[in-house]
Amino acid sequence: MKSELYSTYAKRYDSVITDNIYNAHLERPTLLSMLGSVSGLNVMDLGCGPGVYTQHLLEADASKVTCVDYSDEMVQIVKEKFDGRVNAYQQDLSLGLPNEKSANVDMMICPLVLHYLEDLSVFFSEVSRVLKPNGYIVFSTHHPFADFECSKTGNYFELELVEEEWDTVGTPVPVRFYRRSLMEITDAITKSGLVISQLSEGKISEKVKELDKDTYERLSRNPNFIFMKCSKLGD
Ligand SMILES: C[S@@+](CC[C@H](N)C(=O)[O-])C[C@H]1O[C@@H](n2cnc3c(N)ncnc32)[C@H](O)[C@@H]1O
């Protein structure tokens, strides 16, 4: 969904996430540890944002990198940073991947995007269509147990649109995202024909102990993100 955080503040978001606690010291190390070798692979960065992961995919020798994001500003940043080395275009992932051929991509990443999509079944059935047999996707999203703390309905099993203000870029920006049960995520995956091959709840980097002791204590005791690797079985 359209968000000021990723449009008006796209450039600031880019500089902030380079070394902040949640992205750089919790989310990225965990997701990267689940990727495996991407050398020679045709890969997609879904909800690429300002391309921090795109850079990793290029440095890790992916043979082809396609980046998509809802935000025109993010797509522009990625085009400027990786001029001619990636194919980047605007796409609302809630509508799937209509520009992509079936059974064509080896590996996809989708870090911190799924909570912005209302219906995960469209997304995962499109991922399953576009992946080659034995291909896989690695994604991260808000941990359902963490998000339940901000529920207004008190019904864990009901999809809920949550509205908050986040200080990510140093000023309060309104954000909206979907809170959902763990079962809603796993059902969308398995109904699409994908198989969950790895699950992680992340591990806060030890470096955070020196940066911010209270946040380190909280994130080493409470779940914040959930990570899954999902594979498309071979023929
Ligand atoms: C938290 S940022 C993550 C960026 C990047 N994946 C990373 O981890 O550095 C979320 C990104 O998802 C994008 N996004 C949100 N809703 C989307 C949608 N429906 N389709 C495609 N991208 C979307 C936003 O524009 C934003 O760039």
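Report on the accompanying structure. Everything quoted here is computed from the prediction, not taken from an experiment. (Residues numbered from 1 in each chain as written. Predicted model: local features only at pLDDT ≥ 70, side-chain atom pairs only at ≥ 80, totals over all residues. Heavy atoms only, no water.)

Concerning the packing of aromatic side chains
Then, number 1: One pass over the structure, following the stated rule, counts nine aromatic pairs.
Then, number 2: With a centroid separation of 5.2 Å and an interplanar angle of 90°, the aromatic rings of Tyr6 and Tyr13 are classed as edge-to-face.
Then, number 3: Residue class for Tyr6 comes out buried when judged on its relative accessible area of 16%.
Then, number 4: Owing to a relative accessible area of 10%, Tyr13 belongs among the buried residues under this scheme.
Then, number 5: Centroid distance Trp166 to Phe177: 5.8 Å. Interplanar angle 35°. Geometry classified as tilted. Placement of the pair is Trp166 in strand 6 (residues 160–166) and Phe177 in strand 7 (residues 173–179), with a sequence separation of eleven residues.
Then, number 6: By way of ring pairs, the aromatic residues Phe145, Phe148, Tyr156 and Phe157 are connected into one cluster.
Then, number 7: Seen from the ring of Tyr136, Lys229 lies directly overhead, with NZ or CZ sitting 4.5 Å from the centre. (Phe/Tyr/Trp six-rings, centres within 6.5 Å; stacked < 30°, edge-to-face > 60°. Buried < 20%, exposed > 50% of the residue type's maximum accessible area, 1.4 Å probe, protein only. Helix = DSSP H or I, 4+ residues; strand = E, 2+ residues; numbered from the N terminus. Lys NZ or Arg CZ within 6 Å of the ring centre and 35° of its normal.)

Describing the layout of surface pockets
Then, number 1: Taken as a whole, the largest pocket holds about 1,200 Å³ of empty space.
Then, number 2: Along the walls of the largest pocket sit 50 residues, with Tyr6, His115, Tyr116, His142 and Trp166 positioned nearest its centre.
Then, number 3: Only helix 1 (10–16), helix 2 (21–33), helix 3 (52–59), helix 6 (144–148), strand 6 and helix 9 (213–221) provide two or more residues apiece to the lining of the largest pocket.
Then, number 4: For the lining of the largest pocket, the element with the highest residue contribution is helix 2, accounting for five residues. (1 Å grid on protein atoms, 1.4 Å probe; cavity = no way out; pocket = protein on both sides within 12 Å on 5 of 7 lines; lining within 4 Å. Points joined across faces, edges and corners; volume = space filled by probe spheres on them.)

Remarks on the environment of Leu32
Then, number 1: Following the sequence through the fold, Leu32 ends up in helix 2.
Then, number 2: A sequence separation of 16 residues divides Leu32 from Val16, and the C-alpha atoms of the two residues are 19 Å apart.
Then, number 3: Among residues more than four places away in sequence, those in contact with Leu32 are Tyr53 and His56. (Contact = heavy atoms within 4.5 Å.)

Structural notes on unusual backbone geometry
Then, number 1: Phi at Asp61 is positive, roughly 70°, even though this residue is not glycine.
Then, number 2: Along the chain, Asp61 falls in the loop between helix 3 and strand 2 (64–69).
Then, number 3: Positive phi, normally seen in glycine, also occurs at Asn134, with a value near 75°.
Then, number 4: Mapping Asn134 onto the fold places it in strand 5 (residues 131–142).

Examining the site of the ligand
Then, number 1: As a matter of local geometry, the ligand sits amid 20 residues, with Gly47, Asp69, Asp92, Leu93 and Pro111 nearest to it.
Then, number 2: Gly47 places a main-chain nitrogen or oxygen 2.7 Å from a nitrogen atom of the ligand.
Then, number 3: The protein chains hide 98% of the 600 Å² of surface that the ligand would expose on its own.
Then, number 4: Taken atom by atom, the bulk of the ligand overlaps the largest pocket.
Then, number 5: The residue inventory of the shell around the ligand, partitioned by class, reads 14 nonpolar, four polar and two charged. (Near = heavy atom within 4 Å. Polar contact = N/O pair within 3.5 Å; in protein donor to acceptor, adjacent residues only side chain to side chain. Areas by Shrake-Rupley, 256 points an atom, 1.4 Å probe, with all protein chains shown as cover. Sits in = over half its atoms within 2 Å of the grid points. Nonpolar A, V, L, I, M, F, W, Y, C, P; charged D, E, K, R; others polar.)

Focus on the pattern of salt bridges
Then, number 1: Applying the stated criterion across every chain, the model contains eight salt bridges.
Then, number 2: Lys81 is the partner of Asp14 in a salt bridge, and the nearest nitrogen-oxygen pair spans 3.1 Å. On the criterion of sequence distance, the pair formed by Asp14 in helix 1 and Lys81 in helix 4 (residues 72–81) is long-range, its members being 67 residues apart.
Then, number 3: The partner of Lys213 in a salt bridge is Glu217, with the nearest N and O atoms 3.9 Å apart. With Lys213 and Glu217 both in helix 9, this residue pair falls four residues apart, about one helical turn.
Then, number 4: Look at Glu217 and you get partly exposed, because its relative accessible area is 27%.
Then, number 5: One connected set of salt bridges, linked through shared partners, spans Lys213, Glu217 and Arg221. (Salt bridge = Lys/Arg side-chain N within 4 Å of Asp/Glu carboxyl O.)

Overview of the environment of Glu184
Then, number 1: Topologically, Glu184 is positioned in helix 7 (residues 182–191).
Then, number 2: Counting along the chain gives 27 residues from Glu184 to Phe157, while the straight-line C-alpha distance between them is 8.1 Å.
Then, number 3: Excluding anything up to four places from it in sequence, Glu184 contacts Glu118 and Leu159.

Remarks on the packing of helix 5 (residues 120–130) against helix 7
Then, number 1: In the contact formed by helix 5 and helix 7, the axes pass within 8 Å of each other and the chain directions differ by 35°. In the packing of helix 5 onto helix 7, the handedness of the crossing is right-handed. The residues of helix 7 that touch helix 5, namely those facing Leu120, Ser121 and Phe124, are Ile185, Ala188 and Ile189. (Axes fitted to C-alpha atoms, helices over the stretch in contact; angles between N-to-C directions. Left-handed = near helix turned anticlockwise from the far one by under 90°.)

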